[in-house]
Amino acid sequence: MFGYYLDLAVHSLKRNKVLTGLMVLAIAMGIGASMTTLTVLHVLSGDPLPGRSGSLYTPQIDPLDLNNYAPGVEPPDQLSWIDGNYLLKAKRATRQALMTEGMVPLQPAQPSIDPFHAVALYTTADFFPMFGVPFQYGNGWGNADDDAKARVVVISAKLNDKLFGGKNSVGKELRLQEKAFRIIGVLGDWHPQPHFYQLYMGSYADDEDIFVPFFTSRDLHMEHDGSTDCWGNSGGDPNNLEHVNCTWLQFWVQLDTPQAVAAYKSFLVNYSQEQHDNGRFARSPNVRLRNVMQWLDYQQVVPSDTRLQAWLAISFLVVCLVNTVGLMLAKFMRRAGELSVRRALGASQRALFGQLLMESGIVGCVGGVAGLLLALLGLWLVRQQPADYAKIAHMDASMLVVTFALSICASLLAGLLPAWRACRVTPALQLKAN
Amino acid sequence: MDIKPIFSTLQRHKFTACLLIMEIALTCAIVCNAIFLIGQRLQLMQTPTGIAEHELVYVQMADISDRPDVMARTEADLAALRQVPGAKSVMLINQLPFGGSSSNMDIKLSPEQTKTTISVAQYMGENMLSTLGVHLVAGRDFRPDEFVDIDKVYAALRAGDLTAIPKPVLITQAMAERLWPGQNPLGKQLYVAQGIPLTVIGVMKELVRPNQRNNGLHYSLFNPVRMPMSSGTYYVLRCASQDREQVLRSAVVKLRKLDPNRIVLDKGTWDEMRRDYFRDDRAMAGILVSVCLALLIVTALGIVGLASFWVAQRNRSIGVRRALGATRGNILHYFQTENFLLTTMGIGLGMVLAYGINLFLIVHYEVPRLPLMYFPIGALLLWMIGQAAVLGPALRAAGVPPVVATRSV
């Protein structure tokens, strides 16, 4: 039966090539556009550290004065020097790392490469084990290196390729800001997207080239880049960030159980209360403790244009489907005569329905496959865009499945209605009319 | 023309007609909103900035090592840059319009106020009016003796000595109008941080901010503060627009020669900076245009397809009408009118939908209300598309000879 229906369907579709082509094209364009934008949306709102992100939290506390205060107001996104140091030293979480970003002048040993500014993350020892950062060669540094303000550095695989041809560079010297640093580790393939722990240089920005111990960077007056938010009369003097009323540090902790999360939250409240009581905090305790996905959601890292594009593409798909339903219906209704003959010869309504559905199913499947190709083309086009998220726009297995599901659903939806209406012809009336 | 027979025909194809109306309605709604969004982006990209846009080049430098006496070296750099052939005016500035990153200030109208009135971009640097080409509409420029080095300002803030902070300030006209509508802003006081008073001595015609356009694109002020060269500041040179490349090249050579121990972080013309700033908006406008086109094409093809089927289906009745004396023109007009009616119904429904979509966008995407003028634009577009699409099938219908009536199928 299936083979026969398939034959009939192909035969009928062939009879009207232009129309068939139009319907396939409409479905393909709709699916291609929606899948391109949905894939971009899916990639951009992805989990940067699957498996780990659920137990990684970033604390926010509120050291601001009473300007612009209202109950329920969000605390600042970052921490001040005093609070960041306190939370780091308190060690109330399984692991914790303080960090901020900057640009560091790097002088390669080779004269062939001009000195350049390397993107640096200044952080503390737990950063590497807490985020599960893989190493190609060597290791991260330990707490002792943090305390000793050691001149050690971890470099990215990309920088290692550039400077050392991808060979093991552990133990070699790297000159940063005219000071000698010893390379102790080279990262493996690690590109968390979105760049959740440091959003200020761009949510989907390139990864850092070098990782320098946080206190070493302060010791050597390495430049801080990113946002510095100040209150009171302190001004954001970049050379005195230890002494001003500004928030400019990021802090992440690992909390493995719900009890640990609750305990950490009350620790933050207690600390804020204490600071409030001794007069340093003007506001009553105002804390937040968000995990990675909650943080990304709160920071709205997915560009609103991307979401708008997804809506646009989906509505385009709807128009394409309505268009296809209309054309399909017209096509089926025109064959009322032929269908009545089949009914009169004994074909059941179900048989007609199956046959018509097969016809629309073929249109849908072909449209779906063409749509997938269009989506791949669309993603390629997205990757040619200059936006910093462009390079990560790739189709993955789950989106591939969604694309096929969507195209089958879309085409059945587009075929169901016309097929149902067409198979209800009253054969006697039709035959008589002709 | 009598439209009654058209309606009774459509009654027999209710479902198909409804689908077509729905398609037109959806297209109309989306296209109205998309055109509006495109217009918004284009308008934003055309924003006048208040500076001599095509006459500016910039260089960003950074020291390789951590060195003192940066102020003196900055002065030496500026002196060298003034010697660049073609350079009309030179300055060091902390940020540039559409530069992407910015320093901002919360402004209040009285020292007791606890809520910020507006947040404005804070420009700093000497020699700004002549270099950037910003025009004053009232008041005066800073005197040279009013400028203070930034590290002195920081030191004063640390020491709590507010007298050492430079008080005069230039603000934009838009900012003045926002703070003191209809009043003369000259001599007025505004307050920053914890009640530090600043006095307005001049009003700039226009100066847009580097970013944060949601805080008011035209709210900027200028402080008489001298900046040191750093990775965040820009050397800016003004020259004739045709000299820009050559001035930029010799500026970089000069700076390198003066002190080779540094890195050129970035350099370019201000026009390139503006292009970079709007690249996402440009991409978005492009996407919106292509979706509009695709929608209109799909809708047009849908109309062609359906009209063709109707013409084919009514072949015999057309023949009968022709045989009974209808002219080719009558038949042509019949199909054109039918399409016009369907499109009009679609447009009517589409307007309501467009309004709904706009409400959704207002809530979720900070889009303003859809101005009424976009409705007739959308309607006109769809009427045109509809008529163009139906013309082919309608002509084919008009070509049906009366003799068809006598043939049996």
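Residues numbered from 1 in each chain as written. Chains lettered and ligands numbered in written order. Predicted model: local features only at pLDDT ≥ 70, side-chain atom pairs only at ≥ 80, totals over all residues. Heavy atoms only, no water.

Quick word on the UniProt feature "transmembrane region" (unreviewed entry) in chain B
All names here are of chain B. For the record, the criterion: UniProt positions are given in the numbering used here, feature names are shortened, and annotations may be inferred rather than shown by experiment. By definition, any uninterrupted DSSP run of H or I lasting at least four residues is a helix, any uninterrupted run of E lasting at least two residues is a strand, and each is numbered from the N terminus.
With numbering aligned to this structure, UniProt lists the feature "transmembrane region" (unreviewed entry) at residues 20-39, 283-312, 340-361 and 373-395. For the annotated span residues 283-312, helix accounts for 100% and strand for 0% of the residues, and the straight-line distance between the end C-alpha atoms is 43 Å. Between the first and last C-alpha atoms of residues 373-395 the distance is 33 Å; the span itself is 96% helix and 0% strand.

Some words on the UniProt feature "transmembrane region" (unreviewed entry) in chain A
All names here are of chain A. Under the UniProt annotation, the feature "transmembrane region" (unreviewed entry) is placed at residues 21-44, 310-330, 351-377 and 397-420. Structurally, residues 21-44 comprises 100% helix and 0% strand, and the distance from its first C-alpha atom to its last is 34 Å. Split by type, residues 351-377 is 100% helix and 0% strand. Its first and last C-alpha atoms lie 39 Å apart.

What to know about the domain arrangement of chain B
Residue and element names in this part refer to chain B. Worth spelling out the cut-off: The split of the chain into domains comes from an automatic or database domain assignment. Two residues form a contact once any of their heavy atoms are found within 4.5 Å. Throughout, the accessible surface (probe 1.4 Å) given up by two parts as they are put together, summed over both, is called the buried area. The salt bridge criterion pairs a side-chain nitrogen of Lys or Arg with a carboxyl oxygen of Asp or Glu, the two atoms within 4 Å. Here a polar contact is taken to be a pair of N or O atoms separated by no more than 3.5 Å, where protein atoms must pair a possible hydrogen donor with a possible acceptor and residues adjacent in sequence count only if both atoms sit in side chains. Residues were grouped as follows: Ala, Val, Leu, Ile, Met, Phe, Trp, Tyr, Cys and Pro as nonpolar; Asp, Glu, Lys and Arg as charged; and all remaining residues, including Gly, as polar.
One can read the domain layout of chain B as domain 1 (4-46 + 280-406) and domain 2 (53-274). Using only C-alpha atoms to locate each centre, domain 1 and domain 2 end up separated by 53 Å. In this assembly, 5 residues from domain 1 lie in contact with 4 residues from domain 2. Between domain 1 and domain 2, the buried area comes to about 350 Å², and carbon and sulfur atoms account for 33% of it. At the junction of domain 1 with domain 2, the criterion picks out 1 salt bridge. A salt bridge links aspartate 281 to arginine 213, with the shortest nitrogen-to-oxygen separation between them at 2.9 Å. There are 2 residue pairs in polar contact (both at pLDDT 80 or more) connecting domain 1 and domain 2. Looking at the side of domain 1 that touches domain 2, its residues break down into 2 nonpolar, 1 polar and 2 charged.

Describing the confidence of the model for chain B
In plain terms, the rule: For every residue, the predictor states its confidence as a pLDDT score lying anywhere from 0 to 100.
Per-chain confidence: chain B averages 90 in pLDDT, with 99% of residues scoring 70 or above. The ipTM for the predicted assembly is 0.84, set against a pTM of 0.85.

Details of the state of the cysteines
All names here are of chain A. Put simply, the rule is: The disulfide criterion is simple: two cysteine sulfur atoms within 2.5 Å.
By the definition in use, this model includes 1 disulfide over all chains. Put simply, cysteine 230 and cysteine 246 are joined by a disulfide, and their sulfur atoms are 2.0 Å apart. The sign of the S-S torsion, about 100°, decides the handedness of the disulfide formed by cysteine 230 and cysteine 246: right-handed. Of this pair, cysteine 230 sits in strand E9 (residues 229-230) while cysteine 246 is found in strand E10 (residues 246-247), placing the two residues 16 residues apart along the sequence. The thiol of cysteine 409 is unpaired, and the distance to the nearest cysteine sulfur, on cysteine 365, comes to 11 Å.

Looking at the sheet that holds strand E1 (residues 56-63) of chain B
Residues and elements named next belong to chain B. Short version of the rule: Pairing between two strands is assigned when DSSP locates at least 2 bridges connecting them. To get an axis, a line is fitted to the C-alpha atoms, and for a helix only the part in contact is used. The angle between two axes follows their N-to-C directions and goes from 0 to 180 degrees.
Ordered in space as E2-E12-E1-E13, the 4 strands form an open sheet in which the pairing is antiparallel. If you trace the sheet from one side to the other, it starts and ends with strand E2 (89-93) and strand E13 (262-269), each paired once. Within the sheet, the average angular offset between the axes of one strand and its neighbour, ignoring direction, is 20°. Taken together, the 7 bridges between E1 and E13 define a ladder with antiparallel strand orientation. Counterpart to methionine 61 in the pairing with E13 is valine 264.

Some points on the domain arrangement of chain A
Residue and element names in this part refer to chain A. Assigned domains of chain A: these are domain 1 (2-45 + 302-433) and domain 2 (53-298). Placing a centre on the C-alpha atoms of domain 1 and another on those of domain 2 gives a separation of 50 Å. On the domain 2 side, the residues contacting the 8 residues of domain 1 number 7 residues. Sorting the residues of domain 1 by area buried against domain 2 places Asp388, Lys391 and Ile392 first, and these three jointly supply 56% of that buried surface. Summed over the shared surface of domain 1 and domain 2, the result is 0 salt bridges. On inspection of domain 1 and its partner domain 2, the count reaches 1 residue pair in polar contact (both at pLDDT 80 or more). Classifying every residue of the side of domain 1 that touches domain 2 gives 5 nonpolar, 1 polar and 2 charged.

What about empty space enclosed by the protein?
The condition is simple: Throughout, the protein atoms alone are placed on a 1 Å grid, and a set of points is a cavity if a 1.4 Å probe fits but cannot get out or a pocket if it is open with protein on both sides within 12 Å along at least five of seven lines; lining residues have an atom within 4 Å of a point. Grid points are joined across faces, edges and corners, and a volume is the space filled by probe spheres set on the points.
Tallied over the entire structure, the rule returns 3 cavities of 30 Å³ or more. If you add up the space inside the largest cavity, you get close to 50 Å³. Lining of the largest cavity is provided by B:Leu20, B:Ile303, B:Leu306, B:Ala307, B:Trp310, B:Phe335, B:Glu338, B:Asn339, B:Leu342 and B:Val390. When contributions to the lining of the largest cavity are tallied by element, the ones reaching two or more residues are helix H9 (279-313) and helix H11 (328-365) of chain B. If you add up the space inside the second largest cavity, you get close to 40 Å³. Together, A:Thr58, A:Asp77, A:Phe196, A:Tyr197, A:Gln198, A:Leu199, A:Tyr200, A:Gln250, A:Trp252 and A:Trp295 line the second largest cavity. For the lining of the second largest cavity, a count of residues per class yields 6 nonpolar, 3 polar and 1 charged.

Structural notes on the packing of aromatic side chains
Residue and element names in this part refer to chain A. Threshold: Centres within 6.5 Å are what make two rings of Phe, Tyr or Trp a pair, Trp counting through its six-membered ring; a difference in plane orientation under 30 degrees is then read as stacked, over 60 as edge-to-face, and the rest as tilted. Geometrically, a lysine NZ or arginine CZ counts as sitting over a ring once it is within 6 Å of the ring centre and also within 35 degrees of the ring normal.
Using the criterion set out here, one finds 36 aromatic pairs over all chains in the structure. By the ring-pair criterion, three or more aromatic residues cluster together here, those being Phe127, Phe128, Phe131, Phe135, Trp141, Trp190, Phe196, Tyr197, Phe211, Trp252, Trp295 and Tyr298. Sitting over the face of the ring of phenylalanine 116, lysine 162 holds its NZ or CZ atom 3.9 Å from the ring centroid.

A closer look at the UniProt feature "domain: MacB-like periplasmic core" (unreviewed entry) in chain B
UniProt feature "domain: MacB-like periplasmic core" (unreviewed entry): in the numbering of this structure it lies at residues 34-232 of chain B. Counted over residues 34-232 of chain B, helix gives 24% and strand 28%. Its end C-alpha atoms are 38 Å apart.

Comments concerning helix H6 (residues 157-164) of chain A
Residue and element names in this part refer to chain A. Filter applied, for reference: Summary of the burial criterion: residues with accessible area below 20% of their type's maximum are buried, those above 50% are exposed, and those between are partly exposed, where the area comes from a 1.4 Å probe applied to protein chains only. Summarising the geometry, the arc corresponds to the directions from the helix axis toward the C-beta atoms.
Regarding H6, the residues found buried are Ala157, Leu159, Asn160, Leu163 and Phe164. Here the buried residues of H6 occupy an arc of 155° about the axis, which is enough to place them on one side. Backbone geometry just downstream of H6 places glycine 165 in the positive-phi region, at approximately 60°.

Some points on the environment of A:Gln250
All names here are of chain A. One can find glutamine 250 in strand E11 (residues 250-254). Residue contacts for glutamine 250: discarding those within four places in its chain leaves Gln78, Ala97, Leu98, Met99, Thr100, Tyr197, Gln198 and Tyr200. Among the polar contacts listed, one links the side chain of glutamine 250 to the side chain of glutamine 78, at a separation of 2.6 Å.

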